[in-house]
Amino acid sequence: MKELGKQTISAGQLAILYISFMVGSSIVYVPNPMTQFAGNMAWLSITVSALLGMLLLSLVLYLFRCYPDDGYTAHLNRVFGRWIAGVFIALLILMLFLMFSYIVLGIGNFFNNTMMVETPIYVFNGLTIIVAAYTVHAGIEVMGRMYFLLTASMMLAVVVIVLLAIPSAKTEALLPQFAEGIKPVLHGIYFSSGFPIAELFLFSVILPFVRKDSRRDAGKWLYAMTALSWLLLLTVVIITLMTLGPLAGDRKFSLFAVARLIEIGNFLLGLEAVVGIALISGSFMKATIVLYILNHVTVRFFKLDDDKLLLPAISFIAFLLSMTMFRSEAEFVFSIYVVWPFIVMTVGIIPLMLAALITSVKRKSGQN
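The rules behind each value
Residues numbered from 1 in each chain as written. Predicted model: local features only at pLDDT ≥ 70, side-chain atom pairs only at ≥ 80, totals over all residues. Heavy atoms only, no water. Helix = DSSP H or I, 4+ residues; strand = E, 2+ residues; numbered from the N terminus. Expected span 1.5 Å × (residues − 1). Buried < 20%, exposed > 50% of the residue type's maximum accessible area, 1.4 Å probe, protein only. Contact = heavy atoms within 4.5 Å. Core = buried A, V, L, I, M, F, W, Y, C linked by side-chain atoms within 4.5 Å. Axes fitted to C-alpha atoms, helices over the stretch in contact; angles between N-to-C directions. Parallel < 35°, antiparallel > 145°, perpendicular 65-115°, else oblique. Nonpolar A, V, L, I, M, F, W, Y, C, P; charged D, E, K, R; others polar. 1 Å grid on protein atoms, 1.4 Å probe; cavity = no way out; pocket = protein on both sides within 12 Å on 5 of 7 lines; lining within 4 Å. Points joined across faces, edges and corners; volume = space filled by probe spheres on them.

A.B. asks: Just to check I follow, could you spell out helix H9 (residues 183-194) for this structure?
C.D. replies: Residues spaced three or four apart along an α-helix point in a common direction, a consequence of the helix completing one turn every 3.6 residues. For H9, with 12 residues, the first-to-last C-alpha span of 17 Å sits near the 16 Å given by 1.5 Å per residue. Of the positions making up H9, those classed as buried are Pro-184, Val-185, Gly-188, Ile-189, Phe-191, Ser-192, Ser-193 and Gly-194. Looking at the buried side of H9, the elements it contacts are helix H3 (31-38), helix H4 (42-66) and helix H15 (329-364).

Structure representation (structure tokens):
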């Protein structure tokens, strides 16, 4: 087996990893807060956030074109110097620890609130982290191949739910528009820009693993997958609003709640159990990608030769964080809805924008 740092993927496999990352957990967790914040105008908030995501992706691809063989941490070192870049990378590592722990805790909360309410949450958190760690240990090549089937099952689950929910949908639930002005729309943009749109900057770490013979198509795939992510989230938000109506903002795991309403005759019931497993597989895929990025960035930060040396320690720390960070689910929700978008934009987006700006100025002035 190749070392983690020497494995490569195709542009198509990059696209699979990207769509599973962007849609993974957001397909389950985004519709509820979006309808809660923006109401009937949630579709507009997601659309504006997706356009901002396209701009952000252009910066990511610009840096990749400038430094195609360097990882994201190498970009920062080259642009800012070792000490300033070290601060940015240390903050990034802390952010990734939070992100991975949040996703793991979200999976545990999903099962605790829906299907297995009496099982201790540490069971779900522990199993998720163990399986994710073993997947990361196998490497990004294995992830790129394996995620095709998992992503296809997740997409199929979404399509089935949407199609079967159409008879229960009511278009009048989408009205009125701008009932409370522009502020709810801006609130929705703030949330969806931070989760999941702004998180795409993390693929600056993954892009150098794309094989050189397929890098030419990487940008096209990422733009296409960003548009597909927007379309899927938009569809889920709209069908949630049309099906649940005023309750859409109050129901946790909105798409799962929609699946519970589906009945075909008196024989096709209980679809939510199968659909729930397919949907939560998306969160697992995203958790694994984040753990891979966290492990890769941490190893490069400490300049270690063994890519797998820190993986057990990182996994154990993340498990402890997922069990001790919050005393109640309300604290967790507040952190995701309010704090997390701010963290992503400050720790992730600001260094990326500065790096792109400084690189552009240096190239125009003839400096390398």
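A.B. asks: What is the right way to look at the nonpolar core in this model?
C.D. replies: Note that soluble globular proteins tend to have their nonpolar side chains buried in a common cluster. In this structure, Leu-14, Ile-27, Met-95, Leu-96, Phe-100, Phe-201 and Leu-202 are the most contacted members of the largest nonpolar core, which totals 125 residues. Top element by residues in this core is helix H6 (residues 82-114). It accounts for 17 residues. Dropping the residues within four chain positions of it, Leu-202 is found in contact with Phe-21, Leu-92, Met-95, Leu-96, Met-99 and Ile-293.

A.B. asks: Please explain the packing of H3 against H9 as it appears in this structure.
C.D. replies: Geometrically, a packed helix pair is captured by the angle between its two axes and the distance between the axes. Put simply, H3 and H9 touch, their axes get as near as 7 Å, and they point 155 degrees apart. Classed by the angle they form, the pair H3 and H9 counts as roughly antiparallel. Between H3 and H9, the residues in contact are Pro-33, Met-34, Phe-37 and Ala-38 and Pro-184, Val-185, His-187, Gly-188, Phe-191 and Ser-192, respectively. Here the residues of the contact of H3 with H9 sort into seven nonpolar, three polar and no charged.

A.B. asks: Just checking my understanding: could you explain empty space enclosed by the protein for this structure?
C.D. replies: Vacant regions in the atomic arrangement are exposed by a probe of water-molecule size rolled over the atoms. Evaluation of the coordinates by the stated rule reveals one cavity of 30 Å³ or more. Considering only enclosed or pocket space, the largest cavity measures out at about 40 Å³ in volume. If you go around the largest cavity, the residues you meet are Val-30, Ile-46, Ser-49, Ala-50, Ser-192, Pro-196, Ile-197, Trp-230 and Leu-233. For the lining of the largest cavity, the secondary-structure elements that each account for two or more residues are H4 and helix H11 (218-244).

So, to be careful, I would describe these as geometric facts and stop short of saying anything about function.
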